[in-house]
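# Observations on chain architecture
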Amino acid sequence: MLAAGVSAGYRGVPVLRDLTFRIDRGEFVGAVGPSGSGKTTLLRLLTGQADRFAGDLAVFGAPVRRGRPGPRVGYVPQVESVDWTFPLTVEHAVLLGLTADSRPVPWFSRAERRRARALLGRLGLGGLEGRPIGELSGGQQQRLFLARAMVRRCDLLLLDEPTSGVDLKTRHDVLHLLGELNEAGMTVLLTTHDLNWVAAHLPRVLCLNQTVVADGSPMAVFTPGVLRATYGTDVRVIRDGDMVFVADETHLLRPGSGR
Amino acid sequence: MFVVLRRMSYIGHGLSHSVLGGVAVAIALDWNLYLGAAAATLLSALLIDRVTRRRQLHVDAAIGVVTTAMFALGVVVVSSGRGGRVNTEALLFGNILGVQRADVAVVVVMAGAAAVLVFCCWKALLFTTFDPTVAAVQGVRVGAMEVLFNVLVAAVIIVSVRVLGVLLIAAAVVIPAALARLVARSFTPTLALAAGVGSASAAAGLYVSFWVDVASGASIVLVQAAAFAFVAAGTTLAARLGLRRARRTAAAPADPFCEEGSGDQPRTATESGGSDTAPPPSATPAVEARSTRGGGSSSGTS
């Protein structure tokens, strides 16, 4: 994935400016930044849902345009983005991911169903195929989205805030799963608000605020200066050996703390 | 079905209003009525689609703007006298006796075409309805599906306006699907049920209108509404019963729950457990009910 001087946004209003980065095949990258910094726009840009005003953007060597998403790209939106009372079974929801390559009949072939079931089993949703999607827990819903993205061949996974609104175990599970997929060659780009999660687990982080503020390993990137430039507020960075923690500045409400 | 799932229930209502505009203009220009109705409805459907794509507006606003404008156009033409031959009442409330052989032919042809289109685009329509964003990413031509969807709704409106009338069509589009959603949980049963309820209630409504001698469209809608009310009441009742059953089963092994209460107020708990006749004054009604119910069911099982 290659972006060179990209400026992008919606309806003529730019959200991202002069964005330049390169993500190689097989990388695992987290994008962080404050709300409105363009994290989601970056994902939308890569999936052909935002306007590009300037610069070049290519995924797997193919240019990405609005309405023309990059090839072999899987998108996992936030789980709140759909109506979970929709009358679909788990298996059917995954199978819908195959729609574009499937025959023009209302049903899915036996081979397609086998593929979906195998994938559900691999993602720990085996046995839930016939359940209505509304009965899934938050973590299961996220894995369902993952299965739907992967059922169609994809080599690049884009995940929008997979850590927000889910409990600790789900976070671990999703991370393990993504780690396994990444080991097997999948390129992963996700957005998150959780800096410490990124610092603890991901090899590379992009700090975004309208543009790329910093890019590199969390150890190198998470410095008070970079984080101030990204978030516009002071944070405390604690280093311990090969670990780095980001903590909120303390005592903000104490008298005489400068506020 | 898709209409209800897309929360566009009022599109039927809106599009049918634009039929009036189309028919009135067609008469004024001496065109075929179906041509006028079809042109107006399709135009409205496509305009709604265009307006909705602007992010600031939701589909309800688009429907409100486009179709009332078409309706107003119809009213203007009718009131100017040039559409004088329009039977406004039949158009508004439907009249099955006005249906002619040619109308039936139109209905059959359009229903056939719609069925073929839905059959071929089924998965794409469903994916677009459930999650348009991801559908687009995964190669579905979402824009084309939106247009197709609106055209299909327009077709339904055009073929049923003769019988149901402009004001009553929304019910035919919405009620069967809404009813089915109350009962069924996966997609195919929901759809089959909606189609079944739609056809059955139409037939029943027609019989009622024939025997009681009332307007056909209105009696169909009333039959559908009655069926909906019946099912809604039934599901509510079933949910209540299910809740009560769940409470009872939950209360049986809920002894730890009672113990937890006794930990807080040891004296009250022993009193209420010892004598059923005299509830302690300090116990709240909720606690009291829970402990008696738990005691009752546990004694029943033992």
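Up top is the structure these notes are about.
This one's a predicted model, so the numbers in the text were calculated from it and none came from an experiment.

Sheets are built from strands that pair by backbone hydrogen bonding, the pairs being arranged parallel or antiparallel. All names here are of chain A. Strand order in the open sheet formed by four strands is S2-S1-S4-S5, with antiparallel pairing between adjacent strands. The open sheet has two free edges, formed respectively by strand S2 (13-22) and strand S5 (62-63), since each of these has just one partner strand. As paired strands, strand S1 (residues 2-10) and S2 are joined by six bridges and run antiparallel to one another. In the strand pairing of S2, Leu2 is matched with Arg22.

The next thing to look at is the packing of aromatic side chains. Aromatic rings considered in pairs are described by the distance between their centres and by the relative angle of their planes. As enumerated under the stated definition, the model contains four aromatic pairs over all chains in all. Between the aromatic rings of Trp84 of chain A and Phe145 of chain A, the centroid separation amounts to 5.3 Å while the plane-to-plane angle is 35°, which identifies the pairing as tilted. One end of the pair, Trp84 of chain A, is in the loop between strand S6 (73-76) and helix H2 (90-95); the other, Phe145 of chain A, is in helix H4 (residues 138-151), with 61 residues separating them in the sequence. Here Trp84 of chain A falls in the buried class, since its relative accessible area comes to 13%. Phe145 of chain A gets classed as buried once you look at its relative accessible area, which sits at 1%. Ring geometry for Phe210 of chain B and Trp211 of chain B: centres 5.3 Å apart, planes at 80°, overall edge-to-face. Neither residue differs from the other here; Phe210 of chain B and Trp211 of chain B are each classed as exposed. Between the NZ or CZ atom of Arg72 of chain A and the centre of the ring of Phe60 of chain A, over which it lies, the distance is 4.5 Å.

On to the side chain of Gln142 of chain A. All names here are of chain A. Residue placement: Gln142 occurs in helix H4. Note on Gln142: relative accessible area 4%, which makes it buried. Each residue touching Gln142, except ones within four places of it in the same chain, is listed here: Val76, Val79, Glu161, Pro162, Val166, Thr170 and Val174.

On to the environment of Gln210 of chain A, then. All names here are of chain A. Among the secondary structure elements, Gln210 is positioned in the loop between strand S9 (204-209) and strand S10 (211-216). Classification of Gln210 as partly exposed rests on a relative accessible area of 26%. In the structure, Gln210 is positioned 95 residues away from Arg115 in sequence and 40 Å away in space, judged by C-alpha atoms. When near neighbours in sequence (up to four residues on either side) are disregarded, Gln210 contacts Val15, Leu16, Arg17, Gly36 and Ser37. Here Gly36 takes part through its backbone oxygen, which lies 3.2 Å from a polar atom of the side chain of Gln210.

Residue and element names in this part refer to chain A. Strand order across the open sheet formed by six strands is S6-S7-S8-S3-S9-S10, with mixed pairing between neighbours. Looking at strand neighbours, the two that pair on one side only are S6 and S10, the edges of this open sheet. Here the strands of the sheet are splayed against their neighbours by 20° on average, with no regard to which way each runs. By the bridge criterion, four bridges tie strand S3 (residues 28-32) to strand S8 (residues 187-191) in an arrangement that is parallel. Looking across to S8, one finds that Ala31 is bridged to Thr191. Contacts between H4 and the sheet are confined to S6 and strand S7 (156-160), with S6 contributing the most and set at about 165° to the helix.

Rules of the game
- Residues numbered from 1 in each chain as written.
- Chains lettered and ligands numbered in written order.
- Predicted model: local features only at pLDDT ≥ 70, side-chain atom pairs only at ≥ 80, totals over all residues.
- Heavy atoms only, no water.
- Pairing = 2+ DSSP bridges.
- Helix = DSSP H or I, 4+ residues; strand = E, 2+ residues; numbered from the N terminus.
- Phe/Tyr/Trp six-rings, centres within 6.5 Å; stacked < 30°, edge-to-face > 60°.
- Buried < 20%, exposed > 50% of the residue type's maximum accessible area, 1.4 Å probe, protein only.
- Lys NZ or Arg CZ within 6 Å of the ring centre and 35° of its normal.
- Contact = heavy atoms within 4.5 Å.
- Polar contact = N/O pair within 3.5 Å; in protein donor to acceptor, adjacent residues only side chain to side chain.
- Axes fitted to C-alpha atoms, helices over the stretch in contact; angles between N-to-C directions.

By themselves these figures say nothing about function.
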